[in-house]
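# Architecture and fold: a report
Listed below are the residues making up each chain.
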Amino acid sequence: MIYVHVPFCRSKCAYCDFYSLPRIELAERYCDTLEAEWEWRREETEGLQSRPTLYIGGGTPSALPRRLLQRILTLLATPDMTEITVEVNPEDVDSEFIRWISDTPVSRVSMGIQSLCDEELITVGRRHTAADALKALDLLTASRLDVSADLIYGLPGQTAASFASSLAEVTSRRPEHLSCYLLSYEPGTRLHAMRDRGRVREATDAEATGMFDMLRRLTAEAGYDHYEISNFALPGHRAIHNSGYWDLSPYIGLGPGAHSFDGRTRRYNPSDIKSYLESGGKGFAIAEEENADERINDYLIIRLRTSEGIDRGEFSRLFGCRPAQRLLDEAAPHIAAGRLIATDTSIRMNPDHWLVTDMVLTDLIQA
């Protein structure tokens, strides 16, 4: 698994805390450095071929000049890859873009729609309109590509009815995949400051839960499998690359702000384009050694987000019998309360309580 972080956007959305900046004039030098980083680190991929995928995210990869996006694909895409995904924004998708990307090895596109209500889009600083998003979605779903569409619920001014309308419009186009996220007010974002100044109101727990319950019901009725807390897929179209994160497959991350995992050691590239360019791509990733408790915590945090949950046999094999018994003991109150479901082979979140996963995890993770 290879992830590429493209740290460029035309403008910053109010809610976004991913590393990006509107410095597209640095894109050529970024690609030069990315190529050098790949040459420096490519031996790290020796254990990654059990899940040969490429994901180009950001930022906004589709904001790159196409010759540079093609350069990244030429550098990293290989014939054996089972999935190659590029993130796009609706304003970048037109007939010419479809013709171009159809001639590349890209097999999947993930598009950030977020809402089909113009007022909601304006509030969070999206550049496109609802009409732009629907036009782009129609072009993509008519192409050979698998399509994943992103929506957000809990937006300022959003109602259950407006969210249901956005969801219905999107699912009627039958994209193969949906990612639907509860809006998060991350420190340092413009939206966080807007809330603190009283310019927007955060959705209440009851409002968020109501939208989540409606999301689960409407996607199930439309034939989507709810396989991770925020992800839904038509049969046979689960995200292969993202599923690798959730089963702790090794991956390498390239570009400033990217993370890597070799099965034991995590590495991260600092979120600093200037330092990245100055490094020439060499020695930029910083290793983070994890102790046994931290590895257990990673496993719990990731696996409880999935419909399969924690594989009890795998947990025992990875971490030992004593941690497995400790997990069962700490999970017992949540099992009794119906928040967790335990079987002989697994422990998983009750889908009715998926939104309180973080609260459950506070009792399970090791300090």
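The written sequence of each chain sets the order in which its residues are numbered from 1. Local features in a predicted model are, by the rule used here, given only for residues with pLDDT of at least 70; side-chain atom pairs are given and counted only at 80 or more, and totals for whole chains, interfaces and linings are based on all residues. Heavy atoms throughout the structure, all of them, feed into the side-chain values; hydrogens and water do not.

Our focus in this paragraph is the overall build of the protein. Regarding its fold elements, the protein presents 14 helices and 15 strands. Principal axes of the C-alpha set define a box for the protein whose edges measure 55 × 50 × 45 Å. For this analysis, residues touch if any pair of their heavy atoms sits within 4.5 Å. Long-range pairs, those at least 24 residues apart, make up 68% of the contacts in the protein between residues at least 6 apart in sequence. By the counting scheme adopted, Arg and Lys are positive, Glu and Asp are negative, and His together with the chain ends is not counted. All charge positions are set by atom: Lys at NZ, Arg at CZ, Asp at CG, Glu at CD. Taking the 40 positively charged and 55 negatively charged side chains of the protein as two groups, their mean positions are separated by 2 Å. Only DSSP runs of H or I covering at least 4 residues are called helices, and only runs of E covering at least 2 are called strands; the numbering of each starts at the N terminus.

To continue, consider helix 8 (residues 205–221). Its 17 residues place the ends of helix 8 24 Å apart at the C-alpha level, agreeing with the 24 Å of an ideal helix rising 1.5 Å per residue. Among all positions in helix 8, only A208, M211, F212, M214, L215 and T219 are buried. Projection of helix 8 onto a plane perpendicular to its axis shows the buried side chains occupying an angular sector of 165 degrees, all on one side. Along helix 8, the residues that are exposed and aim more than 90 degrees away from the buried face are D205, A206, A220 and E221. Multiply 1.5 Å by the residue count of a helix minus one, and that product is the helix's expected span. Burial here depends on accessible area, computed with a 1.4 Å probe over protein chains only, as a share of the maximum for the residue type. Under 20% is buried, over 50% is exposed, and the range in between is partly exposed. The directions from the helix axis to the C-beta atoms form the arc being described.

Here we come to the packing of aromatic side chains. Two aromatic rings from Phe, Tyr or Trp, using only the six-membered ring of Trp, form a pair when their centres are within 6.5 Å; if the ring planes differ by under 30 degrees the pair is stacked, by over 60 it is edge-to-face, and anything between is tilted. Applying the stated criterion to the full structure yields 13 aromatic pairs. Among the aromatic residues, ring-to-ring pairing joins F8, Y30, Y276 and F284 into one connected group.

As a further point, take helix 6 (residues 160–172). The end-to-end C-alpha separation of helix 6 is 18 Å, in line with the 18 Å expected for 13 residues at 1.5 Å each. Considered for burial, the residues of helix 6 that qualify are S162, F163, A164, S166, L167, V170 and T171. Those residues of helix 6 that are buried are in contact with strand 4 (108–114), helix 4 (118–123), helix 5 (130–141), strand 5 (146–153), strand 6 (177–182) and helix 8. A positive backbone phi angle near 60 degrees is found at R174, which sits one or two residues after helix 6.

The next thing to look at is the side chain of S249. Mapped onto the elements of the fold, S249 is located in the loop between helix 9 (240–246) and strand 9 (252–254). Looking at S249, the relative accessible area reads 12%, which means it is buried. Identification of polar contacts relies on pairs of N or O atoms within 3.5 Å, with a donor-acceptor requirement for protein atoms, meaning one able to donate a hydrogen and the other able to accept it, and with residues adjacent in sequence counted only if both atoms are side-chain atoms. Among the polar contacts made by the side chain of S249, one reaches the side chain of D247 at a distance of 2.6 Å. Setting aside chain neighbours within four positions, we find S249 in contact with M1, R51, G244 and F261.

Take the environment of Y224 next. Of note, Y224 is situated in the loop between helix 8 and strand 7 (225–228). Judged by its relative accessible area of 5%, Y224 falls in the buried class. Among residues more than four places away in sequence, those in contact with Y224 are T171, R174, P175, E176, H177, L178, T219, F232, A233 and L234. A distance of 2.6 Å separates a polar side-chain atom of Y224 from the backbone oxygen of P175.

Looking now at the environment of L64. Following the sequence through the fold, L64 ends up in the loop between strand 2 (53–58) and helix 2 (66–76). Assessed through its relative accessible area of 4%, L64 is described here as buried. In this structure, the C-alpha to C-alpha distance between L64 and V6, residues 58 residues apart in sequence, is 8.5 Å. Once residues lying within four places of it in the same chain are set aside, the contact partners of L64 are V6, F8, I24, A27, L69 and I72.

What follows covers the sheet that holds strand 5. Strand order in the open sheet made by the nine strands is 7-8-6-5-4-3-2-1-9, with mixed pairing throughout. Each end of this open sheet is capped by a strand with a single partner; those strands are strand 7 and strand 9. The sheet shows a mean angle of 20 degrees between the axes of neighbouring strands, direction not considered. A strand pair is defined by DSSP finding two or more bridges across the two strands. Both strand 1 (residues 2–6) and strand 2 contribute to a ladder of five bridges, which runs parallel. Of the residues in strand 2, the one forming a bridge with Y3 is Y55. Throughout, an axis means a line fitted to C-alpha atoms (over the contacting stretch in the case of helices), and angles, computed between N-to-C directions, take values from 0 to 180 degrees. Sheet strands touched by helix 8: strand 5, strand 6, strand 7 and strand 8 (231–233). Its angle to strand 5, the strand with the most contacts, is close to 155 degrees.

Quick look at the pattern of salt bridges now. Salt bridges are counted wherever a side-chain nitrogen of Lys or Arg sits within 4 Å of a carboxyl oxygen of Asp or Glu. Taken as a whole and judged by the stated rule, the model has 27 salt bridges. Between R10 and D92 there is a salt bridge whose closest N-O contact spans 2.5 Å. With a gap of 82 residues between them, R10 in the loop between strand 1 and helix 1 (27–41) and D92 in the loop between strand 3 (83–88) and helix 3 (95–102) connect regions that are remote in the sequence. Using a relative accessible area of 40% as the deciding quantity, one classes R10 as partly exposed. The salt bridge involving E290 is made with R266; its shortest N-O contact spans 3.5 Å. Separated by 24 residues along the polypeptide, E290 in the loop between strand 12 (286–288) and helix 11 (292–303) and R266 in strand 11 (residues 266–268) bring together distant segments of the chain. Per residue, the accessibility class of E290 equals that of R266, and both read buried.

Along the chain, T123 falls in helix 4. Under the relative-accessibility criterion, T123 is labelled partly exposed at 27%. Between the C-alpha atoms of T123 and R71, which are 52 residues apart in sequence, the distance is 35 Å. Those residues in contact with T123, other than ones at most four positions away along the chain, are A14, P156, M194 and V200. Here E119 takes part through its backbone oxygen, which lies 2.9 Å from a polar atom of the side chain of T123.

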